[in-house]
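# Understanding the architecture of this molecule
Letter by letter, the chains look like this.
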Amino acid sequence: MTSCTDERTKYIYIVTSYTNTFIGKLILLRARMRFWNRYEGDSYSHVSLSLEPDLRNMMSFARKRMNNPLISGLIRENIRAGMFTLYPERSRIAVMQIAVTPRQYSRLSEHMNSYWLNAHNLKYNYPGLISMLFLGRGVHAENSFFCSQWVAEVLKKSDLDLFEGQPSCNIRPFDFYRTLSHCLIFEGKTADYAHGQADK
């Protein structure tokens, strides 16, 4: 089982979220349909990765412009800005704190920086997202990712394979919530999250 706390290690933060966007509403609608299986945390439609508890410098694959979901790619996110503040009364997050070794932390930081420096060559994996929504499994495409695929991939490259060898393109946002629910340090409205939550 993934460790949540350890005084000798560093921590990283996995953030699943729902921000009331069109894609978010579509995923929520799918989750509420009775003829599909329900999963713990399946209303969360997005996942981000942060190395710091204040969540002001997260990274994920998402829209680059708030008013245009078709222009998407690798972006930096701030829990106090952008899509997280567009619908403050409807935007919800779940924050999971994971204990990692200094080596894993360093490798994760290096891989995130490497992806960021190469962001202009990366694309959003729309075929994978559509396949995930309707078939429950994604499609791999070279240098293309959707949010949960990218987070799973960068963790795997840093020796943090949370899903026991499952292809990253098959990982959904709520898979992180289900797998890491024992590491949950906050769940609620985005506006209610405080840095101090991570010290509890």
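The paragraphs below set out a description of the structure included in this document. (Residues numbered from 1 in each chain as written. Predicted model: local features only at pLDDT ≥ 70, side-chain atom pairs only at ≥ 80, totals over all residues. Heavy atoms only, no water.)

### Some thoughts on the packing of aromatic side chains
Taken as a whole and assessed by the stated rule, the structure comprises nine aromatic pairs. Consider the rings of Tyr44 and Tyr177, whose centres lie 5.4 Å apart with planes at 35 degrees: the pair is tilted. On the criterion of sequence distance, the pair formed by Tyr44 in the loop between helix 1 (22-32) and strand 2 (46-50) and Tyr177 in helix 6 (residues 173-180) is long-range, its members being 133 residues apart. Judged by relative accessible area, which is 3%, Tyr44 ranks as buried. Aromatic pair Phe163 and Phe176: ring centres 5.1 Å apart, planes at 90 degrees, arrangement edge-to-face. Taken together, the positions of Phe163 in the loop between helix 5 (147-157) and helix 6 and Phe176 in helix 6 put the pair 13 residues apart, joining distant regions of the chain. By relative accessible area, Phe163 is classed as buried at 13%. Among the aromatic residues, ring-to-ring pairing joins Phe61, Tyr115, Tyr124, Tyr126, Phe145 and Trp150 into one connected group. (Phe/Tyr/Trp six-rings, centres within 6.5 Å; stacked < 30°, edge-to-face > 60°. Helix = DSSP H or I, 4+ residues; strand = E, 2+ residues; numbered from the N terminus. Buried < 20%, exposed > 50% of the residue type's maximum accessible area, 1.4 Å probe, protein only.)

### Examining helix 3 (residues 102-117)
For helix 3, spanning 16 residues, the distance from its first C-alpha to its last is 23 Å, which sits close to the expected 22 Å at 1.5 Å a residue. Those residues of helix 3 not exposed but buried are Gln104, Tyr105, Leu108, Met112 and Tyr115. The buried residues of helix 3 occupy one face: seen down the axis, they fall within an arc of 100 degrees. Away from its buried face by more than 90 degrees, helix 3 exposes Arg103, Glu110 and Leu117. (Expected span 1.5 Å × (residues − 1). Arc of directions from axis to C-beta.)

### Considering the nonpolar core
Ile12, Ile14, Leu49, Trp150, Leu155 and Phe176 are the most contacted members of the largest nonpolar core, which has 41 residues in total. Listed by contribution, the elements that provide at least two residues to this core are strand 1 (10-18), strand 2, strand 3 (58-65), strand 5 (92-100), helix 3, helix 4 (126-135), helix 5 and helix 6. Per-element accounting of this core gives the leading share, six residues, to helix 5. Not counting chain neighbours up to four residues away, the residues in contact with Ile14 comprise Val47, Ser48, Leu49, Ala94, Val95, Met96, Ile98, Val151, Leu155, Phe176 and Leu180. (Core = buried A, V, L, I, M, F, W, Y, C linked by side-chain atoms within 4.5 Å. Contact = heavy atoms within 4.5 Å.)

### Details of helix 5
Burial runs high along helix 5: eight of the eleven residues are buried. Within the span of helix 5, buried status applies to Cys147, Ser148, Gln149, Trp150, Val151, Ala152, Val154 and Leu155. Taken from the residues just after helix 5, Asp159 is the one with a positive phi, measuring 65 degrees.

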